[in-house]
Amino acid sequence: MEPGYLFLETHTEHPDLVRCLTLDRMPSKEGKAGAAVRYIARFTDIDAAQMHVQNTLRHALVDINEHIYRVDLATAVAAIEADELKHEKVWMDDSL
């Protein structure tokens, strides 16, 4: 059981897709090549957190290797926030 950060990313060229990624350190809020980090949460068990999000959003899964879902950003944030795993919201884009 390792702590880590789960974050949501969107891309200007794919407005209907959300990418859900994890890191063991705080991710940069700056995205790469049109991508933008929109939400960051810290979990005490990052592997369980990613599995829970994948389970909740499984019907919207587009690419399991890239962790991409066809879901609106609010639904993805709600899936994370509603999970009962111990976590804290670190940052959320002001536009949300």
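Residues numbered from 1 in each chain as written. Predicted model: local features only at pLDDT ≥ 70, side-chain atom pairs only at ≥ 80, totals over all residues. Heavy atoms only, no water.

Here we take up the side chain of T10. Take T10: it is sitting in strand β1 (residues 4-11). A polar atom in the side chain of T10 sits 3.2 Å from the side chain of R38. Each residue touching T10, except ones within four places of it in the same chain, is listed here: L17, V18, G34, A35, A36, R38 and L73. (Helix = DSSP H or I, 4+ residues; strand = E, 2+ residues; numbered from the N terminus. Polar contact = N/O pair within 3.5 Å; in protein donor to acceptor, adjacent residues only side chain to side chain. Contact = heavy atoms within 4.5 Å.)

What follows covers the nonpolar core. Membership of the largest hydrophobic core comes to 19 residues, with the highest contact counts inside it found for L6, L8, F43, L57, V71 and I80. Put simply, the parts of the chain that give this core at least two residues each are β1, β2 (14-23), β3 (35-43), α1 (46-56) and α2 (73-81). Element by element, the count of residues in this core is highest for α2, at five residues. The contact partners of V71, leaving out residues within four places of it in the chain, are D16, L17, V18, L57, A60 and A76. Within the second largest apolar cluster, five residues are counted, among which are Y5, F7, L21 and V37. (Core = buried A, V, L, I, M, F, W, Y, C linked by side-chain atoms within 4.5 Å. Buried < 20%, exposed > 50% of the residue type's maximum accessible area, 1.4 Å probe, protein only.)

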